[in-house]
Amino acid sequence: MAAGATRLHYFPESGNSYKLALMLRLCGVAFEGVWTDFGSGVTRTADWRASVNQMGEIPVLEWQGRSLTQTGPILLRLAEAYGRFGAINDDDRYAILRWLFWDNHKLSGYMAVYRYLRAFTPSPDEHVLGFLRKRIDDCLRVAERHFETRRFAIGDAPSVADLSMVGYLLFPSDEAGYDLERSHPAVVAWLDRVRQLDGWQAPYDLLPGQRLRRYR
Ligand SMILES: N[C@@H](CCC(=O)N[C@@H](CS)C(=O)NCC(=O)O)C(=O)O
């Protein structure tokens, strides 16, 4: 294995960071967290973009001497490297990619923006929140149907697709304001199965440090 510490650039509220932290934790890989002052806008500065991530996004994973961004391909790479939560055949590979793309575009994509605006900004536009909420409702409907008949995203075994899709659903429910217990029992049962994976930890336990100001 190439030299170099495993370091995760994160902020505690980042569900995308949680996806990688959870994967590393479940694979038994120790990592150093690099708390990033997202709230102050550091990821928007030209300096940070030039030196850490040209895309201006958290998370960034320093791993085996490389600097990696975008959780989807990172999760696939870690799965390959550690032999956990990956595909065992071409159909699985396709299924994992299918749900990773869906999650990035839809479930996590909308949930991340909605929760951030709702809980961590002082005066979010109610029309924007309403639009996002409708999109999330539809995503959760898709997930609910899916988990009525499956234990995990692509079948009986957990994969990186699950670790991506749970990214924003395991934070305290008052942040996004969804009472999934009441509205989405199959999603909750799936989240419980993920919680039971050996080594599982909740987001704020895995990603400690100074928090963003809460407005709601
Ligand atoms: N598709 C990216 C999403 C990363 C992302 O959107 N990260 C958020 C924080 S959790 C961010 O840095 N947003 C800044 C922005 O969109 O300007 C991934 O999977 O890594």
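(A) Structural detail: the packing of helix 5 (residues 126–147) against helix 9 (residues 185–195). It is at 7 Å that the axes of helix 5 and helix 9 come closest, and there the two elements cross at 70 degrees. Relative to helix 9, helix 5 is oriented roughly perpendicular. With respect to the hand of their crossing, helix 5 and helix 9 are arranged in left-handed fashion. Residues L140, A143, E144 and F147 of helix 5 lie in contact with helix 9, whose contacting residues are P185, A186, V187, W190 and R193. Per-class residue counts for the contact of helix 5 with helix 9 are seven nonpolar, no polar and two charged.

(B) The site of the ligand, seen in detail. Around the ligand, the structure places 13 residues, and the nearest of them are S14, I58, Q70, T71 and N104. I58 has a polar backbone atom sitting 2.6 Å from a nitrogen atom of the ligand. At 2.5 Å, a side-chain N or O of T71 approaches an oxygen atom of the ligand. Isolated, the ligand exposes 510 Å² of accessible area, and the fraction of that covered by the protein chains is 75%. The residue inventory of the shell around the ligand, partitioned by class, reads five nonpolar, six polar and two charged.

(C) Molecular detail of the nonpolar core. Core analysis: the biggest nonpolar cluster contains 66 residues, and M23, L61, L169 and W190 have the highest contact counts within it. A per-element tally of this core places helix 4 (residues 90–120) first, with 11 residues. Non-local contacts of W190, meaning those with residues more than four positions away in its chain, are made with F147, R151, F152, A153, D162, M165, V166 and L169.

(D) Geometry of the domain arrangement of the chain. Along its sequence, the chain is carved into domain 1 (7–84 + 201–206) and domain 2 (90–195). Look at where the C-alpha atoms of domain 1 and domain 2 centre, and you get two points 19 Å apart. Counting from both sides, the interface comprises 19 residues of domain 1 and, opposite them, 19 residues of domain 2. Overall, the association of domain 1 and domain 2 removes approximately 1400 Å² of surface from exposure, summing both partners, and the carbon and sulfur fraction of that is 71%. Connecting domain 1 to domain 2 are one salt bridge. When the shortest N-O distance is used, the salt bridge between K19 and D103 registers 3.0 Å. At the boundary of domain 1 and domain 2, one finds six residue pairs in polar contact (both at pLDDT 80 or more). Elements that contribute at least two residues to the side of domain 1 that touches domain 2 include exactly helix 1 (15–26), helix 3 (71–82) and helix 10 (203–206). Top element by residues in the side of domain 1 that touches domain 2 is helix 1. It accounts for seven residues.

(E) Highlighting the environment of Y82. Here Y82 is to be found in helix 3. Among the residues examined, Y82 registers a relative accessible area of 21% and is labelled partly exposed. It is 19 Å that separates the C-alpha atoms of Y82 and V60, two residues lying 22 residues apart in sequence.

(F) A look at a nonpolar patch on the surface. A surface patch of nonpolar side chains, amounting to about 270 Å² of accessible area, comprises L76, L97 and F101. Relative to the helices and strands, F101 resides in helix 4.

(G) Broad picture of the packing of aromatic side chains. Tallied over the entire structure, the rule returns 10 aromatic pairs. Geometrically, the ring pair formed by Y18 and F171 is edge-to-face, given 6.1 Å between the ring centres and 65 degrees between the ring planes. Of the two residues, Y18 sits in helix 1 while F171 sits in the loop between helix 6 (160–165) and helix 7 (173–176), which places them 153 residues apart along the sequence. Under the relative-accessibility criterion, Y18 is labelled buried at 0%.

What counts and how
- Residues numbered from 1 in each chain as written.
- Predicted model: local features only at pLDDT ≥ 70, side-chain atom pairs only at ≥ 80, totals over all residues.
- Heavy atoms only, no water.
- Axes fitted to C-alpha atoms, helices over the stretch in contact; angles between N-to-C directions.
- Helix = DSSP H or I, 4+ residues; strand = E, 2+ residues; numbered from the N terminus.
- Parallel < 35°, antiparallel > 145°, perpendicular 65-115°, else oblique.
- Left-handed = near helix turned anticlockwise from the far one by under 90°.
- Contact = heavy atoms within 4.5 Å.
- Nonpolar A, V, L, I, M, F, W, Y, C, P; charged D, E, K, R; others polar.
- Near = heavy atom within 4 Å.
- Polar contact = N/O pair within 3.5 Å; in protein donor to acceptor, adjacent residues only side chain to side chain.
- Areas by Shrake-Rupley, 256 points an atom, 1.4 Å probe, with all protein chains shown as cover.
- Core = buried A, V, L, I, M, F, W, Y, C linked by side-chain atoms within 4.5 Å.
- Buried < 20%, exposed > 50% of the residue type's maximum accessible area, 1.4 Å probe, protein only.
- Domains from an automatic or database assignment.
- Buried area = accessible area lost by both parts, 1.4 Å probe.
- Salt bridge = Lys/Arg side-chain N within 4 Å of Asp/Glu carboxyl O.
- Patch = residues over 30% accessible without salt bridge, like charges linked within 9 Å, V, L, I, M, F, W, Y side chains within 5 Å.
- Phe/Tyr/Trp six-rings, centres within 6.5 Å; stacked < 30°, edge-to-face > 60°.

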